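Read off the chains here:
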Amino acid sequence: MFQKVIICLLVILSVSAMSNLQIVKAESYQLEGGGYYSLEKTDNSDFTLFGLGASWFFNEVSMEVGPYAEADFIQKAGSISLKGLMGNFESDEPDGEMECDSYMIDAGVKYVFPVVPVFITIGYELFNMDGDFVLTDFNTDMDIEIMSSTYYGELGYYIIDNLAVSAEYQMEKEETEKGKIEVGGIEYASADKEKTDKSGIGCNFKYVAMIGTGMALNIEAAYKYTTSEPEEGDDLINNIYELSADYYIKPQYGIGALVRMNTGDDEEDAGNTYELSCSVFLTPNIALAGSFGMFKADDKDEAEDRKEFNFMVFGRI
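Residues numbered from 1 in each chain as written. Predicted model: local features only at pLDDT ≥ 70, side-chain atom pairs only at ≥ 80, totals over all residues. Heavy atoms only, no water.

1. Some words on the side chain of Thr150
- Mapped onto the elements, Thr150 comes out in strand S6 (residues 140-160).
- Its relative accessible area of 7% is what places Thr150 among the buried residues.
- Other than its neighbours up to four places away in sequence, Thr150 contacts Gly123, Tyr124, Glu125, Gln170, Met171 and Glu172. (Helix = DSSP H or I, 4+ residues; strand = E, 2+ residues; numbered from the N terminus. Buried < 20%, exposed > 50% of the residue type's maximum accessible area, 1.4 Å probe, protein only. Contact = heavy atoms within 4.5 Å.)

2. Notes on the pattern of salt bridges
- One pass over the full model with this rule turns up 13 salt bridges.
- Asp46 is paired through a salt bridge with Lys41; the nearest N and O atoms lie 2.8 Å apart.
- Members of the salt-bridge network, linked through shared partners, are Glu70, Lys206 and Glu220. (Salt bridge = Lys/Arg side-chain N within 4 Å of Asp/Glu carboxyl O.)

3. A closer look at the pairing of strand S7 (residues 163-178)
- Judged from the 16 bridges that link them, S6 and S7 form a sheet pairing that is antiparallel. If you follow Ile144 over to S7, its bridge partner there is Lys178.
- Connecting S6 to the antiparallel partner S7 that follows it, the hairpin turn spans 2 residues, and Asn162 within it adopts a positive phi of roughly 75 degrees.
- Bridge analysis of S7 against strand S10 (residues 192-212) gives 16 bridges, and the strand direction is antiparallel. In the strand pairing of S10, Glu175 is matched with Lys195. (Pairing = 2+ DSSP bridges.)

4. Remarks on the packing of aromatic side chains
- Here the structure, examined in full by the defined rule, presents 12 aromatic pairs.
- When the ring of Phe73 is compared with that of Tyr158, the centres are 5.8 Å apart and the planes differ by 40 degrees; the resulting orientation is tilted. Of the two residues, Phe73 is situated in helix H2 (residues 71-74) and Tyr158 in strand S6; the sequence distance between them amounts to 85 residues. In this structure, Phe73 and Tyr158 share a single accessibility class: buried.
- Here a set of aromatic residues connected by ring pairs shows up, and it is made of Trp56, Phe58, Tyr111 and Phe113.
- The lysine or arginine in question, Lys83, covers the ring of Tyr36, its NZ or CZ lying 4.9 Å from the ring centre.
- Positioned over the ring face of Phe295 is Arg306, at 4.2 Å from the centre of the ring. (Phe/Tyr/Trp six-rings, centres within 6.5 Å; stacked < 30°, edge-to-face > 60°. Lys NZ or Arg CZ within 6 Å of the ring centre and 35° of its normal.)

5. What about a nonpolar patch on the surface?
- A contiguous nonpolar patch, built from Leu31, Trp56, Ile80, Val109, Tyr111, Phe113, Val115, Val116, Ile120, Ile122, Leu155 and Ile317 and spanning about 1100 Å² of accessible area, is present on the exposed surface.
- For the nonpolar patch, the secondary structure elements donating two or more residues are strand S4 (96-112) and strand S5 (118-135).
- If you trace the backbone, Phe113 turns up in the loop between S4 and S5.
- Assessed through its relative accessible area of 38%, Phe113 is described here as partly exposed. (Patch = residues over 30% accessible without salt bridge, like charges linked within 9 Å, V, L, I, M, F, W, Y side chains within 5 Å. Areas by Shrake-Rupley, 256 points an atom, 1.4 Å probe, with all protein chains shown as cover.)

6. A closer look at the environment of Thr136
- Secondary-structure assignment places Thr136 in the loop between S5 and S6.
- Measuring from C-alpha to C-alpha, the distance between Thr136 and Glu125 comes to 34 Å, with 11 residues separating the pair along the chain.
- The contacts of Thr136, once residues within four sequence positions are left out, are Pro94, Asp95 and Gly96.

7. A word on the pairing of strand S16 (residues 306-316)
- Two strands pair when backbone bridges link them, and strand S1 (residues 28-41) and S16 are joined in this way by 10 bridges, in the antiparallel orientation. From the neighbouring strand, Glu40 faces S16, where its bridge partner is Glu308.
- Two strands pair when backbone bridges link them, and strand S15 (residues 286-297) and S16 are joined in this way by 10 bridges, in the antiparallel orientation. Within S16, the residue paired with Ser291 across the bridge is Asn310.

8. Quick word on the side chain of Ser79
- Inspection of the secondary structure assignment puts Ser79 in strand S3 (residues 79-93).
- For Ser79, a relative accessible area of 9% translates into the label buried.

9. A word on the nonpolar core
- Counting 14 residues, the largest nonpolar core has Phe47, Phe89, Met98, Cys100 and Met129 as its most contacted members.
- Mapped onto this core, the elements with two or more residues apiece are strand S2 (45-62), S3, S4, S5 and S6.
- Ranked by residues supplied to this core, first place goes to S5 with 4 residues.
- Among residues more than four places away in sequence, those in contact with Met129 are Phe47, Phe89, Cys100, Asp101, Ser102, Ile144, Glu145 and Ile146.
- With 10 residues, the next largest nonpolar core counts Phe57, Val61, Tyr68 and Phe314 among its residues. (Core = buried A, V, L, I, M, F, W, Y, C linked by side-chain atoms within 4.5 Å.)

10. Observations concerning the confidence of the model for the chain
- Across the chain, the average pLDDT comes to 89, with 91% of residues at 70 or higher.
- Contacts of residues 1-25 to residues separated by more than four positions or lying in other chains number 25 contacts, the stretch itself having pLDDT below 50. (pLDDT = per-residue confidence, 0-100.)

This is the structure in structure tokens:
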């Protein structure tokens, strides 16, 4: 309940603050900031995240050509971005219940070279989940903490205006630490620490096509080859294919759809994802965006189906 109150206040304050701004420079902006809310549900768990994010662009971004949501891509704009989220994870399994607090910090820089149509992106993401797992059979709890650090980079090239291809690399180090299980002075399980290294290499395609007065179509495709290297056992290799499209009826209104297929050895991630999204600019400075997605696991014994809802309100100045 407390989280829902904070989220409502965040939305109200964000919209009110942006509404009070005089719409000067409505045709361009250099700073974008907003609030985020995300809810991921399975049959046995809820994972909620909410927070703030902002991007500062090196040059003013014009909104005079094309969809407002694609303005920075069309203008080949470089930026510095920072996002911080916090939330709560709760699960109810046959062998026990888990409740954890979590936070995530994401920082990135995109630079577009002024002479040649080349861009480079580098970034870092830190994720932490810390809480307790209450075991039903032992009537006791076990401390658990999951922390991951992800470094990522992308090198891209604008073939023509509004059309870009890129190659990306991602490296993640994940560590799961579990406390000991002790009942009545008897230790049933000692503390344990597991480390997993994950890496991915892929390619991306993005094209924004103007198809009429005020109308446009954004098409994106991506492929990623991922490798998971646990401390024990064989490496797990997966292939990820993604295709998405956004249709802009007018520059300020957009609807979209996404399909992602994940196949390979890591059954916890293997499955298909389907997503619908929409965005609305209430004014050139204020916008709302939302999406709803479903993940269908290939192996129900290794992973659960899940649903995800995301909402964002943001402003530009």
